[in-house]
Amino acid sequence: MTSTIEPEIGRARLRKEDARLIAGRTRWTDNLALPGLLHMAVARSPMAHARITNIDVDAARRMPGVLAVFTGADLAGEQGSLPCAWPITEDMKSPDAPSIAVEEVNFAGEAVAVVVARSAYEAADALEAVDVDYDELPVVLDLEGAVADGADLVHPDLGTNASATWVFDSAEAGTGTDVERAIADAEVLIERTYRQQRLIPAFMEPRSVVVDPTGEQLTMWSATQIPHILRVMLAMTLSVPEHKVRVIAPDVGGGFGGKLQVTPEEILTFLVARRLGKPVKWTETRSESLLSAHHGRDQVQKLTLAARRDGTVTGLKVELLADMGAYLRLVTPGVPILGAFMFNAIYKFPAYRFACTNVFTNKTPTDAYRGAGRPEATYAIERLMDELAAELGVDPIEIRERNWIRHEEFPFDTVAGLTYDSGNYEAATAKAKELFGYDALRAEQRERRERGDTVQLGIGTSTFTEMCGLAPSRVLGALSYAAGGWEHAAVRMLPTGKVEVVTGSSPHGQGHETAWSQIVADQLGVPFEDVEVLHGDTQSSHRGMDTYGSRSLTVGAMAVVRAADKVKAKAAKVAAHMLEAAEDDVEFAGGAFGVRGAGAEAKSVSIQDVALAVFAAHDLPDGVEPSLDSEATFDPENFSFPHGTHLCAAEVDTETGRVTIRSYVAVDDVGKVVNPLIVEGQVHGGLAQGIAQALYEEAVHDESGTLTTGTLADYLVPSAVDLPEFTTDRTETAATSNALGVKGVGEAGTIASTPAVVNAVVDAVRHLGVSDVQMPCTPMRVWQAIRTGRTDAGGLGGEAGGGLGSINPEGGAR
Amino acid sequence: MIPAAFDYVAPTTVDDAVRALAEAGEDAKVIAGGQSLLPVLRMRLAAPSMLVDLGKVAELRGVREDGDTLVVGAMTTHYDVQRDPLVREHARLLALATNVVADPQVRHRGTFGGSLAHADPAGDLLAPALALDAELVVAGMDGRRTIPAAEFFADFFTTSMRSGEILCEVRVPKKTGWSAHYEKFNRVAQAWSIVAVAAAVLVDDGTITEARVGLTNMAATPVRATAVESALVGQPATAEAITAAAQHAAEGTSPAADGNADAEFRQHLARVLTSRAVSAAVGA
Ligand SMILES: Cc1cc2nc3c(=O)[nH]c(=O)nc-3n(C[C@H](O)[C@H](O)[C@H](O)COP(=O)(O)OP(=O)(O)OC[C@H]3O[C@@H](n4cnc5c(N)ncnc54)[C@H](O)[C@@H]3O)c2cc1C
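Residues numbered from 1 in each chain as written. Chains lettered and ligands numbered in written order. Predicted model: local features only at pLDDT ≥ 70, side-chain atom pairs only at ≥ 80, totals over all residues. Heavy atoms only, no water.

What follows covers the nonpolar core. Residue and element names in this part refer to chain A. Membership of the largest hydrophobic core comes to 155 residues, with the highest contact counts inside it found for Leu-305, Phe-343, Phe-354, Tyr-664, Ile-691 and Leu-695. With nine residues, helix 12 (residues 374-392) is the single largest residue contributor to this core. The contacts of Phe-343, once residues within four sequence positions are left out, are Gln-301, Leu-303, Leu-316, Val-318, Leu-320, Tyr-352, Phe-354, Glu-376, Ala-377, Ala-380 and Ile-381. Within the second largest apolar cluster, 43 residues are counted, among which are Val-533, Ala-564, Ala-632 and Phe-634. (Core = buried A, V, L, I, M, F, W, Y, C linked by side-chain atoms within 4.5 Å. Buried < 20%, exposed > 50% of the residue type's maximum accessible area, 1.4 Å probe, protein only. Helix = DSSP H or I, 4+ residues; strand = E, 2+ residues; numbered from the N terminus. Contact = heavy atoms within 4.5 Å.)

So, about the UniProt feature "domain: FAD-binding PCMH-type" (unreviewed entry) in chain B. Listed under "domain: FAD-binding PCMH-type" (unreviewed entry) in the UniProt record, and renumbered for this structure, are residues 1-177 of chain B. Measuring from the first to the last C-alpha atom of residues 1-177 of chain B gives 47 Å, for a span that is 34% helix and 25% strand. (UniProt positions renumbered as here; feature names shortened; annotations may be inferred.)

All right, on to the confidence of the model for chain B then. Low pLDDT marks regions whose predicted coordinates should not be analysed in detail. Averaged over every residue, the pLDDT of chain B is 97; residues scoring 70 or more account for 100%. Note on the complex model: pTM 0.96, ipTM 0.96. (pLDDT = per-residue confidence, 0-100.)

Turning to the UniProt feature "domain: Aldehyde oxidase/xanthine dehydrogenase a/b hammerhead" (unreviewed entry) in chain A, a few remarks are in order. If you check UniProt for "domain: Aldehyde oxidase/xanthine dehydrogenase a/b hammerhead" (unreviewed entry), the listed places come out as residues 23-138 of chain A in our numbering. Secondary structure content for residues 23-138 of chain A is 14% helix and 30% strand, and the end C-alpha separation is 50 Å.

Right, let's talk about a negative patch on the surface for a bit. All names here are of chain A. Where like charges cluster on the molecular surface, the negative patch consists of Asp-56, Asp-58, Asp-131, Asp-133, Asp-135 and Glu-136. For the negative patch, the leading source of residues is strand 6 (residues 131-136), giving four residues. By secondary structure assignment, the location of Asp-135 is in strand 6. Residue Asp-135 is classed as partly exposed on the basis of its relative accessible area of 43%. (Patch = residues over 30% accessible without salt bridge, like charges linked within 9 Å, V, L, I, M, F, W, Y side chains within 5 Å. Areas by Shrake-Rupley, 256 points an atom, 1.4 Å probe, with all protein chains shown as cover. Salt bridge = Lys/Arg side-chain N within 4 Å of Asp/Glu carboxyl O. Lys, Arg positive; Asp, Glu negative; His and termini not counted. Charge placed at Lys NZ, Arg CZ, Asp CG, Glu CD.)

Here we come to the site of the ligand. Taken together, 32 residues lie around the ligand, and Val-30, Gly-34, Ser-36, Thr-111 and Asp-124 of chain B are the ones closest in. Of the chains in the model, those with residues near the ligand are chains A and B. At 2.5 Å from an oxygen atom of the ligand is found a main-chain nitrogen or oxygen belonging to Val-30 of chain B. A distance of 2.7 Å is found between an oxygen atom of the ligand and a backbone nitrogen or oxygen belonging to Leu-37 of chain B. Protein chains bury 94% of the 960 Å² of accessible surface belonging to the ligand in isolation. Mapped by element, the contributors of at least two residues to the shell around the ligand are strand 2 (28-31), helix 7 (112-118) and strand 10 (166-173) of chain B. Sorting elements by how many residues they give to the shell around the ligand places helix 7 of chain B first, with four residues. Here the shell around the ligand is composed, by residue class, of 16 nonpolar, 13 polar and three charged. (Near = heavy atom within 4 Å. Polar contact = N/O pair within 3.5 Å; in protein donor to acceptor, adjacent residues only side chain to side chain. Nonpolar A, V, L, I, M, F, W, Y, C, P; charged D, E, K, R; others polar.)

Glancing now at the sheet that holds strand 14 (residues 223-224) of chain B. All names here are of chain B. Sheet architecture is open: four strands sit in the order 11-12-13-14, paired in antiparallel fashion. Two strands close off the open sheet at either side, each with one partner strand: strand 11 (179-185) and strand 14. Where strand 12 (residues 195-204) meets strand 13 (residues 207-216), nine bridges bridge the pair, whose relative direction is antiparallel. Bridged to Leu-202 within strand 13 is Glu-210. (Pairing = 2+ DSSP bridges.)

Note on interface size: it is often stated as the accessible area lost on association of the parts. Residue and element names in this part refer to chain A. Annotation of chain A at the domain level lists domain 1 (18-23 + 486-634), domain 2 (32-137 + 204-254 + 259-292) and domain 3 (296-470 + 638-792). The centre of domain 1, based on its C-alpha atoms, is set 40 Å off from the matching centre of domain 2. The partner domain 2 presents 17 residues to the 18 residues of domain 1 that form the contact. Contact with domain 2 buries surface across domain 1, with His-508, Thr-538 and Asp-546 losing the most and accounting together for 40% of the total. Where domain 1 packs against domain 2, one counts two salt bridges. In this structure, Arg-246 engages Asp-537 in a salt bridge whose closest nitrogen and oxygen atoms are separated by 2.7 Å. Within the side of domain 1 that touches domain 2, the residues separate by chemical class into three nonpolar, eleven polar and four charged. (Domains from an automatic or database assignment. Buried area = accessible area lost by both parts, 1.4 Å probe.)

Each side of the interface is counted separately: chain B has 41 residues, and chain A has 45 residues. Around 3,600 Å² of area is buried between chain B and chain A when both sides are counted, 58% of it from carbon and sulfur atoms. Interface area lost by chain B to chain A is led by Arg-44, Phe-157 and Arg-187 of chain B, which between them contribute 19%. Counting across the interface, chain B meets chain A through four salt bridges. The closest approach of N and O atoms between Arg-276 of chain B and Glu-655 of chain A, which form a salt bridge, is 2.7 Å.

The next subject is the sheet that holds strand 7 (residues 143-148) of chain B. Residues and elements named next belong to chain B. If you trace the five strands from one edge of the open sheet to the other, you get 4-5-10-6-7, paired in antiparallel fashion. The sheet terminates laterally at strand 4 (63-66) and strand 7, the two strands that pair on one side only. Neighbour-to-neighbour, the strand axes of the sheet open up by a mean angle of 25°, direction not taken into account. Pairing geometry for strand 4 and strand 5 (residues 69-73), over four bridges, is antiparallel. For Val-63, the partnering residue across the bridge sits in strand 5 and is Val-72. (Axes fitted to C-alpha atoms, helices over the stretch in contact; angles between N-to-C directions.)

Following the criterion strictly, the structure yields 17 aromatic pairs over all chains and no others. Ring geometry for Phe-156 of chain B and Phe-157 of chain B: centres 4.9 Å apart, planes at 85°, overall edge-to-face. The class of Phe-156 of chain B is partly exposed, set by a relative accessible area of 41%. Classification of Phe-157 of chain B by relative accessible area gives buried; the value is 0%. In this arrangement the basic side chain of Arg-13 of chain A is found over the ring face of Phe-528 of chain A, its NZ or CZ atom lying 3.8 Å from the centre. Over the ring of Trp-178 of chain B we find Lys-175 of chain B, and its NZ or CZ is 5.2 Å from the ring centre. (Phe/Tyr/Trp six-rings, centres within 6.5 Å; stacked < 30°, edge-to-face > 60°. Lys NZ or Arg CZ within 6 Å of the ring centre and 35° of its normal.)

Okay, here's the thing in structure tokens:
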């Protein structure tokens, strides 16, 4: 048999998952119903910082259907402290992080009591009857204020609001020269302060947890990205034996990092179910989700870029304040540190220094959100490169070209200590410029400027790279992360020749079932339809590091490839026996083993034949186990470094400040592509979220620490009508760090797009005296910037506008 | 999000609905499309003891002509208003404004009467009703009365309807042959107006002979830009003349400040959007 089968890798297959998801046959956690299921609801603090003086739950206990009400005092003995797996420095200050507040609340939205009732309705009613008295404490909100002398403290026992300061210095690390020297010698200095506003991941499926304590193992279903990590953490945090806990992530509807967490509610549902000996469900409301699930971004970036008059960059100094919120969650402290390696981006900076101080405030804890640290870094450097270009009067693409790593210079050791394995920035940029019609748009821009058109045109560039595919375990170890970055997979050959693939990756919308099936179909020469992918249940998939950081394909699928290799190696032995040939003479192609050089007509055995023979086990070579099943754990040697060139043309209405994206071109290089349709989807979604940061979204707190953007009418997630048509294309420079040649794509669009959009906005009105507009670039901010040059003017202030935020508490018309 | 428990009735006539409201007392509330009321209930910002659902009252639905007046039933959905040929012909401004209310899902459930009764100053249908000199017919235990739009909107989320009254229909004087435009300014497509301008003008041989301009979200109630209206009348329907008249748009307004816009920006927007609305209406 010759291999005429079209390879699966590269095919734009429709996703296996979609028919079920679209038809509503989805197994969301909240859809689960167990016999005798009880419902938990959480009472939350309206105060951002206060001492709890009294909690009266008697009335709530007497409400119909209520079985129990617990306060922090009831659970204090067993709740432990929520885990933080990333102590970035040895002296990092980390407060105890209770799942339910006991004496003090530190952010508005923190749990103060839980009610358990027979129905979700009764639980919601009883919440109203929980009565909590508070003594207000001073509220710490502003990052710079929080680290100023004499600041009020979030956790007075820590003695400071600074959790830790993490520094990378290229002179000290030996990866480059001294940045202070570069700054002293600079012919041009660009100094800027940028603000990364706080964002809310806003996944569409609200979080939900069900815990069944009635079996031999306690089973937890959770809308999580990390069932495996969650199981380990439950064991460690609550001192329950790990083998007595099973965690299942059923269908999960989006995460974006927002479900990369061990949540207070998971712990509370677990504790309550165990206490009552009955299955318990908690599903959050949308308001609860926006308020209490972790937020993202929130940094103040002080930046200094040194350069020569000819445009060559000579140094970059980054000083960050990063808002942790009130507690350190799972990877909170490490998020800004992930950016440390990305500020230098694709440019050849000889000197670099990064110093980040992590700061506590009385706000919802922050943690990973799509890109986690890398969008912040990319925004800063890509905005700075545009500023440098403006300062020198050079085209922004030209300034980048003068400084970027040329394709023949790979592998390239960066000033931040990484080795970029491959890339071709020239090719991606050339393609993007052509698709965009760069020169024609520049000409139009000039013409409209000269004409004084009320609607001005701006062009924004972002030539980004990012590090993803988290991560080589040794690197994580060097960064003091508590776990490794490997991934596990198993491939099982069933007697009928069908294949089960077990993966430690935990998809929550990415389409792994499809992509993994394509990969295995090619590896084993079996039909795509014959592959079933199992995931998200610690019972079937016992080892895993889960899904985040664009790691599943580069790490998780590589484990699948390795496991499939082992299956083939085992099968080859048996096939040789069946073919009465020496193992060395047997080759595998198109799903069948044959004798090398024997010709197309010669006898061959398919992998399915081998699977059946192994199942029967009647006639196996000596010493061969009757199983082809294999597992592998893959630990990458390097990150993957997707890159690309994004170009945005934005029109700015100078009379109203409204920004309209006219065209957007994204040329991404994500290496070899398994499924172009999935890549396209990831890029579109990524762009939407990146553009959302540039123009629409911001979590706003008023001066008392209340989240005022607490509904989706105030926290403006854009929909398809608010976004432009995207022109997407790719260049394909294979990664050399994995056998598939693949790079991550999950975060690329988000990382790249934010600076492209803001660069376009600023470019449109730079001739009117504007050099920055704070994100999100709302109409009022843009208008004020044009009028007054103030970049933060008309910020979202204390109050959200319009929408449900303007709803009359009395319930409308009287 | 789960609302507090409430009783529910769904009468089929206005008389029954009025009686049901009266019997249930102060804590009862009417529910129309529920698009504004349900979020409030679900967030437990209100907890009425009884909801009187008007969804089954057939007489409150639909559009008919009554001489020089168009009569729009309070329970006519946005979707039906948008597509109604009579509205398009005789109250084009209303059709245009309804087109940009929320999103298709909301427009299929939300009602014209519900929007007016809700009296959200950011709602898009109040200014058109005011600009078109609509009259609102309400029914209570004491019978029916008619309230001019100018007197109907009393304050932020407050109308001059008395407790127990139901808005039945909206009578809109026909503006056949008028040009109209509704210029809405918001940040994402499904959002309420930050500011919006409702303009209807009659042009005769290149000259503006009549003008109605209503402003959305420029005060606690919708307001008429009367200074603009009088400045427009007698002017040529040109961009220059319109822009000059539009400079009066913010006079007498007292807009609120919120995260999207402070008062100054709103007043600026009112001028810009008025100029654009009138220009778009007349094609200048
Ligand atoms: C996501 C979303 C976006 C929206 N965006 C916009 C927008 O851009 N522009 C806009 O204008 N609106 C917007 N709305 C509101 C929408 O137009 C509602 O339809 C409208 O505000 C209320 O109409 P309803 O029929 O749903 O009324 P309901 O919600 O049922 O009632 C609203 C109030 O009016 C009272 N009421 C209703 N009918 C009567 C009656 N006949 N007599 C007496 N009292 C009555 C009720 O008791 C209640 O107090 C939006 C709503 C949503 C959910």
